[in-house]
Structures are given as structure tokens and as C-alpha cells.
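Reading the structure
Take a look at the letters that make up each chain.
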Amino acid sequence: MTAQDAAARLFQELTGHAPDGVWSAPGRVNLIGEHTDYNDGFVLPFAIPHRTYAAVGMRADGRIRVTSDHAEHPVEVAFADLTALFPKPGDTSLRVADAWAAYPLGVAWALRAASTDAHGVADAHGVDIAITSDVPVGAGLSSSAAIEGATASALNDAWNADLDRKALARVGRRAENEAVGAPTGIMDQMASMLGETDSALFLDCRTLDAVPVALGMADAALEILVIDTRVTHAHSTGGYRDRRDACERGAAIMGVPALRDVAVHDLERAEGLMDDVTFRRVRHIVTENQRVLDTVRMLREHGARGIGDLLVVSHVSMRDDFEISTSELDVAVEASLAAGALGARMTGGGFGGAAIALVEQDAAPAVSQAVTAAFAASGFAAPHIFPVTPAAGARRDA
Ligand code: ADP
Ligand code: MG
């Protein structure tokens, strides 16, 4: 059974009747541009075929109920109580076991606020929402943006909120920042809402200008492999916070609103103004921004075959300057390259999660085997390796 059918069936089990519709949104992989989003910089993610589905139906009693195939039981609140529930990250009346419900309920809360701001009225009724997903959770493929995007798309239609895709991406981020309490940027939600088949999304995180850039993977007989290390390090949240602080410090020293405003040729001056650690954090962001621009130009002028070296240099910068890689991620990259990958890098926030490798279609099995063997030789748990085709963003399915 597909995840879409499963969502409709879960809804039927929950309510005893069929849903009004089914909506979905994908996870994402970031091709290049890591930790640049909260520095007002550039990123180049693409949506993946793995999706989260939300089957939704109206109810007349002003209550909102959510269930998920990843959760033990449904969570139900009165619509009027949503504002009492949020925004109070970590301090809501949701029980710990129900913490996941802050994603869809937070979206309902943020969507109602956004549509009231836009139209002066909130045409919001009670709803039942049944969620199923084939996006790996917590693997750095943004199952969070997928559940936000699916719920936001569904409620936008169900409530006639009439928000555009960018506004729905903002709704998802607000839910994640303020209802869940995770201090993330907007890249994931934009990729999930605006992704297009066989394209990456060139996103300016300052202006939110978003332009699809064709990847032409199939025509070039290329493939992108995800290597999920299945390792998440305990210090990931603290590490993320620490890197954000370093970037803010660097921008303040340089006298600019964000590191986006520092150019590669400013780095020599920057080095004399700050301590070594702050400088290396700054250098990663500044050079990574430039690498995104270079990757977009390379894709447009020569196609995906030309971007391998940019991916590798990006990984080295994250490993040595930003210091967010792990032994598993480094082995994944090195073994991929040794087995003939055109390029490889860790992707996502770091401290665990996944790497990507750009490979010739023909070479994909050999690269997978080489990475699996290298993990075994290093005494690491077996990685989960699978290809991803750049896929379409959020949509109504039924
Ligand atoms: P990632 O986005 O990399 O997968 P996050 O920690 O940002 O990891 O988001 C994962 C969290 O999102 C889960 O712990 C869960 O609370 C919530 N979540 C994601 N997908 C689902 C789902 N299908 N059902 C229930 N909760 C989900
Ligand atoms: Mg996430």
C-alpha cells in the first residue's frame, strides 16, 4: 500500500468516514550551501521522492485532532485552545509522548494567524488530520518540513486561507521555531513547498527569491546517492546553537547585518580582526556562499557533471573550518570518492545524519558497496544507502 492510500485508510480508521482530500509534501536533500541559510545566504536544496501525506476532513465541533502512523495515539485539542498551547516551546500542555503533535498543531496555529493577518478573518473550522510518511525521521532529510508542508497545504485548502507557497513555508518555519522550539532556518520548508522535478531550488535566504535550476541528472546518466549514517550525536542541538553564535559574532565584528554581506576578498581583513575559531566559522560561511553561486553557474553552463569538485571542497570546509562533520560522514565521503564518485559531501546540519555522493548511474552499485565495506572496516554500523531523484514539492493528491 502506498503512503497516500495509507493516509486515507488511517483517516477512515480514525473517523469512520473518508477524508475530504489528501495532500503531501516531500523531504529534501541539500545539494550545497550548509549553515548559510541563517546567515541570509544562498542554498541549493532539492525535494526528494519520499513524502509525508495528510488526509484531512472537516468537523463541525471546533476541535482539531491529529494522528500519525509514527505516533502511538491521536492527540486532540479544542481549536480555541491552540493559542493557549503556543507559542511556548517546551512548556506546552502536550505530554512528552505527544511532542510530535506540536508540528501539525503548530502549523494549524501559525496558519490561522497568517491567514488572519492576510485577510482579517480566519475561516478556520475543526479538522481531523491523519498523517503517514515514508520520509526517514531524524536522518537529516527533513521529515519535519515534510509534515509541516503536508499539513499546511491541506489546511490552506480546507480553510480557504489562500496563502501562496512561500507564505506556507513561513508558516511551517514559524511552527517549528515557536511551537516546537527548534531554531531552524527556512531552507527545508522552501524546498519542500517549491521543489520541482529534476531541479534544485536556488534560494536566496535574505529575499526568499527562489529559482529552479535544472539538474539534468537522467540525461547525463548521473545519480545522487544518500548515505544515511544512522548516527545522531547528542551534542547536535548545542553544536548548532554554538555555530549560530559564532556566525553572529563574526558578522558583528565585520560590522555587517549578516555574513552574507562578507565577500571572499574580505576574508584577509577578517582574519586579523577575530580569534582563529570565529575566523574559521566565518570562512566556511563566506566561501560556502560563493560555492553555491559557483555551483549554480556550473549547472547552467556545463551541467551536473561539473559540480563534483565544489561538493568536495564544501565537505572539507565543513570538516576543517566549521567542524560539524563526523568520522562516519568523512568515511562516507572518502570511500565514495575512492570508488569513483564525481563528488561527495555531508549534507544537513552535521554532527551525524547523511552524506550525498554524485555518481555515474553505472557506478552506483560499486560506490554503495565500497561505502558499506569501509563502514564495516571502521567498525561503524551499516549505513542506509539509496538513490534520490529530485522530485516535485507540496501538492494535493486526492
Ligand atoms: P528531520 O527533519 O531531519 O527528519 P527533525 O528532528 O527536524 O528531523 O524532525 C523529526 C521530528 O518531526 C520527529 O521526531 C517527530 O516529532 C516529527 N515528525 C516528522 N515526521 C513525522 C510523522 N510522519 N509523524 C509524526 N511525527 C513526525
Ligand atoms: Mg528537521
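Scroll up to find the structure this text is about.
The paragraphs below set out a description of the structure included in this document. Because the structure is predicted, anything quoted here is derived from the model rather than measured.

**Section: unusual backbone geometry**
Among all residues save glycine, negative phi is the norm, and among peptide bonds the norm is trans. Within the chain, Ala221 stands out as a residue other than glycine whose phi angle is a positive 55°. Structurally, the position occupied by Ala221 is in the loop between strand 8 (210-214) and strand 9 (222-232). For Ala221, a relative accessible area of 32% gives the class partly exposed. For Glu323, which is not glycine, the phi torsion reads 55° and is therefore positive. Relative to the helices and strands, Glu323 is located in the loop between helix 10 (308-320) and helix 11 (327-338).

**Quick look at the packing of helix 9 (residues 276-302) against helix 10**
Contact geometry of helix 9 with helix 10 gives a least axis separation of 10 Å together with a crossing angle of 165°. Looking at the two axes, helix 9 sits roughly antiparallel to helix 10. Relative to helix 10, the crossing made by helix 9 is left-handed. Contacts between helix 9 and helix 10 involve Arg280, His284, Thr287, Glu288, Arg291, Asp294 and Thr295 on the former and, on the latter, Leu310, Val313, Ser314, Ser317, Met318 and Asp320.

**Observations concerning the sheet that holds strand 11 (residues 352-360)**
Two modes of strand pairing occur in sheets, parallel and antiparallel, and in both the strands are linked by backbone hydrogen bonds. With antiparallel pairing, four strands are arranged side by side in an open sheet as 10-11-9-12. Each edge of the open sheet carries a strand with a single partner, namely strand 10 (343-347) and strand 12 (384-388). Across the sheet, the axes of successive neighbouring strands diverge by a mean angle of 25°, strand direction being ignored. As paired elements, strand 9 and strand 12 share five bridges and run antiparallel to each other. Across the sheet, residue Asp228 finds its bridge partner in strand 12, namely His384. Those strands touched by helix 10 are strand 10 and strand 11, and its axis lies near 40° from that of strand 10. Sitting on the sheet, helix 12 (residues 364-377) touches strand 9, strand 11 and strand 12, and the angle it makes with strand 9 is about 20°.

**Examining the pattern of salt bridges**
Applying the stated criterion to the full structure yields 23 salt bridges. Between Asp242 and Arg243 there is a salt bridge, with the nearest N and O atoms lying 2.7 Å from each other. Judged by relative accessible area, which is 7%, Arg243 ranks as buried. For Arg395, the salt bridge identified is with Asp397, shortest N-O distance 2.7 Å. Residue class for Arg395 comes out partly exposed when judged on its relative accessible area of 36%. When its relative accessible area of 22% is taken as the criterion, Asp397 is described as partly exposed. One connected set of salt bridges, linked through shared partners, spans Arg59, Asp61, Arg63, Arg65, Glu76 and Asp128.

**Let's talk about the sheet that holds strand 2 (residues 42-43)**
Spatially, three strands are ordered 2-7-8 in an open sheet, and the strand pairing comes out antiparallel. In this open sheet, the two edge strands, each paired with only one partner strand, are strand 2 and strand 8. As paired elements, strand 2 and strand 7 (residues 199-204) share two bridges and run antiparallel to each other. Looking across to strand 7, one finds that Val43 is bridged to Leu203. In the packing of helix 9 onto the sheet, the strands contacted are strand 2, strand 7 and strand 8, and the crossing angle to strand 8 comes to about 50°.

**Focus on the side chain of Thr15**
Among the structural elements, Thr15 can be located in helix 1 (residues 3-15). A distance of 3.0 Å separates the side chain of Thr15 from the backbone oxygen of His17, its partner in a polar contact. Residues in contact with Thr15, not counting those within four places in the same chain, are Arg65 and Asp128.

**A look at the packing of helix 4 (residues 143-158) against helix 6 (residues 187-194)**
It is at 9 Å that the axes of helix 4 and helix 6 come closest, and there the two elements cross at 55°. The angle between helix 4 and helix 6 falls in the class oblique. Here the hand of the crossing between helix 4 and helix 6 comes out right-handed. Contacts between helix 4 and helix 6 involve Ala145, Ala146, Glu148, Gly149 and Ser153 on the former and, on the latter, Asp188, Gln189, Ser192 and Met193.

**Some words on the packing of aromatic side chains**
Under the defined criterion, the tally for this structure stands at five aromatic pairs. Ring centres 5.6 Å apart and planes at 65° place the aromatic pair Tyr38 and Tyr240 in the edge-to-face group. Of this pair, Tyr38 sits in the loop between strand 1 (21-30) and strand 2 while Tyr240 is found in helix 7 (residues 236-254), placing the two residues 202 residues apart along the sequence. The same class applies to Tyr38 and to Tyr240, which are both buried. A centroid spacing of 5.9 Å and a plane angle of 55° characterise the contact between Phe86 and Trp109, whose relative ring orientation is tilted. Here Phe86, found in the loop between helix 2 (82-85) and helix 3 (102-119), pairs with Trp109, found in helix 3; they are 23 residues apart in sequence, far enough to count as distant. Comparing Phe86 with Trp109 shows no difference in burial state: the two are buried.

Procedures and definitions
Residues numbered from 1 in each chain as written. Chains lettered and ligands numbered in written order. Predicted model: local features only at pLDDT ≥ 70, side-chain atom pairs only at ≥ 80, totals over all residues. Heavy atoms only, no water. Helix = DSSP H or I, 4+ residues; strand = E, 2+ residues; numbered from the N terminus. Buried < 20%, exposed > 50% of the residue type's maximum accessible area, 1.4 Å probe, protein only. Axes fitted to C-alpha atoms, helices over the stretch in contact; angles between N-to-C directions. Parallel < 35°, antiparallel > 145°, perpendicular 65-115°, else oblique. Left-handed = near helix turned anticlockwise from the far one by under 90°. Contact = heavy atoms within 4.5 Å. Pairing = 2+ DSSP bridges. Salt bridge = Lys/Arg side-chain N within 4 Å of Asp/Glu carboxyl O. Polar contact = N/O pair within 3.5 Å; in protein donor to acceptor, adjacent residues only side chain to side chain. Phe/Tyr/Trp six-rings, centres within 6.5 Å; stacked < 30°, edge-to-face > 60°.

It is worth stressing that arrangement in space is one thing and function is another; only the former is reported here.
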